[in-house]
Amino acid sequence: MATSGSVTITEADYLRIIIHGTTAFELLRTGLEFDLFEKLEAEGGLTVEQTAAAIGVEPQPARILLLGLASLKLLDKQGDKYVNTPIIRRKVLRSGERFLGPLIDIQAKIINASLVDFAESMRQNTNVGLRHIEGPGTTLYERLTATPDLQHVFYDNMGDASEKAFSQFLSHYDFTGIRHVIDIGGGDGTNSIELASRYPELEVTVFDQETVTELAAERIEDPDLRKRVHFHAGDLFRDSLPEGADAILFFHIFEIWSLERNTELLRKCYDALPEGGVVLVYNFTCNDESTGPMSAGLVSPYFLTLASGEGMTYSAEEMERSVLDAGFSRVDRYSNLGFSHALVVGHK
Ligand SMILES: C[S@@+](CC[C@H](N)C(=O)[O-])C[C@H]1O[C@@H](n2cnc3c(N)ncnc32)[C@H](O)[C@@H]1O
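A quick note: this is a predicted structure, and the numbers were derived from the prediction, not measured.

What is the right way to read the overall build of the protein chain from this model?
The helix and strand inventory of the protein chain stands at 16 helices and 9 strands. Scaling as 2.2 N^0.38, a compact globule of 348 residues should have a C-alpha radius of gyration of about 20 Å, and the protein chain matches this with 22 Å. Over its C-alpha atoms, taken along the principal directions, the protein chain stretches across nearly 70 × 50 × 40 Å. Among the 348 residues that make up the protein chain, the fraction classed as buried is 48%. Counted over contacts in the protein chain with a minimum sequence separation of 6, partners at least 24 positions apart contribute 67%. In the structure as shown, the protein chain presents an accessible area of about 17100 Å², 51% of it carried by carbon and sulfur atoms. Taking the average place of the 31 positive charges on the side chains of the protein chain and the average place of its 52 negative ones, the gap between the two points comes to 4 Å.

Now the structure itself:
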């Protein structure tokens, strides 16, 4: 029974969920595909027969879906009706406090198929799982430029995750006095747009691959933001960074690359900044002991197997060391933030 944010299961069932992980995931994803949870909520619960009619399948397959979801403690049963549990209401209903639909979508359409290559990626120390995605280049980000549909799935999730984590970032860093920010690997512009909205004097430049900057530009309608949010298409490794910024956002970039490559990129940021300029490194982290949290443990294989073939979630201490190794003279470190994030501010 899911109550007050915790679910109690036996060790055997815990292992069962891992072993049957694909089935457990498909039960949840299929519930979403059939809009089951929304329908259960709207009707105040449904019987097997009512569910079958509501989602347009025979009673037997409807029963299998309901049984599976109830066994995973995602549905409860009240009388002969299945109803949503609190966790489904909070995270799987579109109106919930933290709708996880975009995450489930990216897992289903981009990530899961590649993870069968995790062991081989470990042996070769590269992203063997990239073979499941067509397109140019040696990273997922390059491959996605060839498939706009998948690119949308990727940025729907990335933008959603960044939006949630961004307000907490703003409570740790005040941009007053900063004139121009470069958002490197700025993606669909979620962070830049939010930043420019909060600071009406600020200029922001999103630096990313060309198709990505196009995607970001399409999102801005407000004429004032259009004047202050700029786009610079380029390659992080081959091209120079735009000049004239006094702060650089390095958001959800650190976990993509090896520590050596991060130090190289941060050195490039250092070179592009004036004296007194800052780099803001903000991303998912693991704890100092490398024992968790679970979000860090479960996302790291994706960076090795698919995204880049070299990254993982690092500790805040490793972020700090990299920033110092890149030449920054002083750092402020904010560890253990919400969403398993840390922020390291490097001052030139
Ligand atoms: C994980 S996303 C982060 C997006 C954004 N910073 C955020 O926090 O939502 C990484 C971004 O880095 C960009 N990127 C990866 N490799 C790149 C490269 N070689 N040159 C330019 N951009 C790159 C990708 O296109 C992608 O938008």
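Explanation requested: helix H14 (residues 259-272) in the structure shown.
Structural remark: α-helix, 3.6 residues per turn; residues separated by three or four positions point the same way. Look at H14: 20 Å from first C-alpha to last across 14 residues, which is about the 20 Å you get at 1.5 Å a residue. Three or more residues of H14 are buried, namely Asn262, Thr263, Leu265, Leu266 and Cys269. For H14, the buried positions fall inside an angular range of 165° around the axis, keeping them on one side. Those residues of H14 that are exposed and aimed more than 90 degrees away from the buried face are Glu260 and Asp271. Residues of H14 that are buried in the fold lie against strand S3 (180-184), strand S6 (247-251), strand S7 (278-284) and helix H16 (316-325).

Would you mind going over the packing of aromatic side chains with me for this structure?
In this description, a pair of aromatic rings is defined by centroid distance and the angle of the planes. Per the stated rule, a full pass over the model turns up 14 aromatic pairs. Considering the side-chain rings of phenylalanine 169 and tyrosine 282, the 5.3 Å spacing of their centres and the 45° angle between planes classify their relative orientation as tilted. Placement of the pair is phenylalanine 169 in helix H10 (residues 148-170) and tyrosine 282 in strand S7, with a sequence separation of 113 residues. Note on phenylalanine 169: relative accessible area 0%, which makes it buried. Residues tyrosine 173 and phenylalanine 175 carry aromatic rings whose centres are separated by 5.0 Å and whose planes lie at 75° to one another, so their mutual orientation is edge-to-face. By the burial criterion, tyrosine 173 is buried, and phenylalanine 175 matches it. Members of the aromatic cluster, joined through ring pairs, are Phe166, Phe169, Tyr173, Phe175, Tyr199, Phe251 and Tyr282. Between arginine 261 and the ring centre of phenylalanine 237, over which it is positioned, the NZ or CZ distance is 4.8 Å. One cation-aromatic arrangement involves lysine 348 over tyrosine 270; the distance from NZ or CZ to the ring centre is 4.3 Å.

Explain the environment of leucine 259 to me, please; I cannot follow it from the model alone.
Along the chain, leucine 259 turns up in helix H14. On the basis of relative accessible area, leucine 259 is assigned to the partly exposed category, the value being 24%. Excluding anything up to four places from it in sequence, leucine 259 contacts Phe254, Tyr314, Glu318 and Ser322.

Got a minute to help me understand the side chain of asparagine 191 in this structure?
Tracing the backbone shows asparagine 191 in helix H11 (residues 190-198). Every residue in contact with asparagine 191, bar those within four places of it in the chain, is listed here: Ser162, Phe166, Asp183, Leu249 and Phe251.

Quick notes on the rules
The numbering scheme is per chain: residues are counted from 1 as the chain's sequence reads. Totals for whole chains, interfaces and linings use every residue, but because this is a predicted model, local features are given only for residues with pLDDT of at least 70 and side-chain atom pairs only at 80 or more, for both listing and counting. Derived side-chain values reflect all non-hydrogen atoms in the structure, with water molecules and hydrogen atoms excluded from consideration. Runs of E in the DSSP output that reach at least two residues are strands. Runs of H or I that reach at least four are helices, and both are numbered from the N terminus. Radius of gyration: C-alpha atoms only; globule rule: 2.2 Å multiplied by the number of residues to the exponent 0.38. When accessible area is computed with a 1.4 Å probe and restricted to protein chains, residues below 20% of their type maximum are described as buried, those above 50% as exposed, and intermediate ones as partly exposed. When checking whether two residues touch, look at their non-hydrogen atoms; a contact exists if any pair is within 4.5 Å. To be clear on the numbers: accessible area is Shrake-Rupley with a 1.4 Å probe, and residue cover counts the displayed protein chains and nothing else. None of His or the chain ends enter the tally, which takes Lys and Arg as positive and Asp and Glu as negative. All charge positions are set by atom: Lys at NZ, Arg at CZ, Asp at CG, Glu at CD. Here, expected helix span is obtained from the residue count minus one, scaled by 1.5 Å. The arc under discussion is defined with respect to the helix axis, by the directions toward the C-beta atoms. The rule is short: rings of Phe, Tyr and Trp, with Trp giving its six-membered ring, pair when the centres are within 6.5 Å, and they are stacked under 30 degrees, edge-to-face over 60, tilted in between. For a Lys NZ or an Arg CZ to count as sitting over a ring, it must be within 6 Å of the ring centre and within 35 degrees of the ring normal.

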